[in-house]
Amino acid sequence: MFTGIIEETGRVLRRTGPRLVVRARATLDGTQLGSSLAVNGVCLTAVELEGDSVGFDVGPETFARTALEDLSTGAGVNLERPMRLDGLVGGHLVLGHVDGVGVVASVERDSGMARLRIEWQDEALAPLLILKGSVAVDGVSLTVAALDARAFEIMVIPHTLERTTLGGLRAGWRVNLEMDVIGKYVLRALSLREEQR
């Protein structure tokens, strides 16, 4: 489990078949073979540790359901270690289980801030978003600032733009979306109740 507060941005060193190797620094502290790390919001298992790099094996299902397929050598990635149960949750509860991929529809900058409009591709994600609710975009915990039938908007402060990959996003780019886990459980409980009637 993660919080959506990115610890550092890493760089893709290489991608060979299912193996994704990333350069990292801070997030390597305490990371061992078998440890979990969130890479652009996707919980992956460290299978290779060498110097300042960590490698992950990414399965076909993960590539199909996330935007990790778009990563190429040199691309920046958001990295976060799992939260400690005795620590603070600065963002919100993020599982690292991506619900779908969104497409950046527009990026508007003003006074160092950015308003990003993101369109979801799967209609099933629509009921999981609420105005002023939480959403993770490429692993970054954010608040929904506007919402309509096809997309949502987020406001990103300068600190987040500088410390994550969100500052480099452009219209047309794909991003990983994870909706608020509490909303998912509520929706599931309500749908089961409806089925029992």
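Caption draft 1: Examining the pattern of salt bridges more closely. Taken as a whole, this structure holds 14 salt bridges when the rule is applied. Note that Arg14 and Glu48 form a salt bridge whose closest N and O atoms lie 3.3 Å from each other. Of this pair, Arg14 sits in strand β1 (residues 8-16) while Glu48 sits in strand β4 (residues 42-50), and the two are 34 residues apart along the sequence. Judged by its relative accessible area of 38%, Arg14 falls in the partly exposed class. A relative accessible area of 15% means that Glu48 is categorised as buried. The residue Asp57 makes a salt bridge to Arg19 at a minimum N-O spacing of 2.5 Å. Of the two residues, Asp57 sits in strand β5 (residues 53-57) while Arg19 sits in strand β2 (residues 19-23), which places them 38 residues apart along the sequence.

Caption draft 2: Region of the structure containing the sheet that holds β2. Ordered in space as β1-β2-β5-β4-β3-β6, the six strands form a closed barrel in which the pairing is antiparallel. Neighbour-to-neighbour, the strand axes of the sheet open up by a mean angle of 45 degrees, direction not taken into account. In terms of strand pairing, β2 meets β5 through five bridges, oriented antiparallel. Each bridged residue has a counterpart across the sheet, and for Val22 the counterpart in β5 is Val54.

Caption draft 3: Representation of a nonpolar patch on the surface. On the surface, Met1, Val89 and Leu93 cluster together to form a nonpolar patch covering roughly 230 Å² of accessible area. For Val89, the position within the fold is in the loop between β6 (76-80) and β7 (100-110). Under the relative-accessibility criterion, Val89 is labelled partly exposed at 39%.

Caption draft 4: Focus on the side chain of Thr66. Within the secondary structure, Thr66 sits in the loop between α1 (60-65) and β6. In this structure the side chain of Thr66 is engaged in a polar contact, spanning 3.2 Å, whose partner is the backbone nitrogen of Leu68. Apart from residues no more than four positions distant in its own chain, Thr66 is found in contact with Val42, Val98, Val101, Arg174 and Asn176.

Caption draft 5: Structural view of the environment of Asp110. In this fold, Asp110 is placed in strand β7. When its relative accessible area of 57% is taken as the criterion, Asp110 is described as exposed. Here the side chain of Asp110 touches Ser111 through a polar contact of 3.5 Å, side chain to side chain.

Reading the values: the criteria
- Counting restarts for each chain: residues are numbered from 1 in the order of the written sequence.
- Residues qualify for local features only when their pLDDT is at least 70, as the model is predicted, and side-chain atom pairs are given and counted only at 80 or more; totals for whole chains, interfaces and linings, by contrast, use all residues.
- Calculation of side-chain values draws on the structure's entire complement of heavy atoms; hydrogens and water are dropped beforehand.
- Each salt bridge in this description consists of a side-chain nitrogen of Lys or Arg and a carboxyl oxygen of Asp or Glu lying within 4 Å of one another.
- Helix and strand assignments come from DSSP, with helices taken as H or I runs of at least 4 residues and strands as E runs of at least 2, each series counted from the N terminus.
- Relative accessible area decides the class of each residue, using a 1.4 Å probe on protein chains only: under 20% of the type maximum gives buried, over 50% gives exposed, and in between gives partly exposed.
- Note on pairing: DSSP must find at least two bridges between two strands before they are called paired.
- In this analysis, axes come from line fits to C-alpha atoms, helices being fitted only over the stretch in contact, and the angle between any two N-to-C directions falls in the range 0 to 180 degrees.
- A patch consists of residues whose relative accessible area exceeds 30% and which take part in no salt bridge; residues with like charges are grouped when within 9 Å of each other, and nonpolar side chains (Val, Leu, Ile, Met, Phe, Trp, Tyr) when within 5 Å.
- The method behind every accessible area is Shrake-Rupley, applied with a 1.4 Å probe, and residues are considered shielded solely by the protein chains displayed.
- Here a polar contact is taken to be a pair of N or O atoms separated by no more than 3.5 Å, where protein atoms must pair a possible hydrogen donor with a possible acceptor and residues adjacent in sequence count only if both atoms sit in side chains.
- Every residue pair with non-hydrogen atoms within 4.5 Å of one another is taken to be in contact.

Honestly, it's all geometry; don't read function into it.
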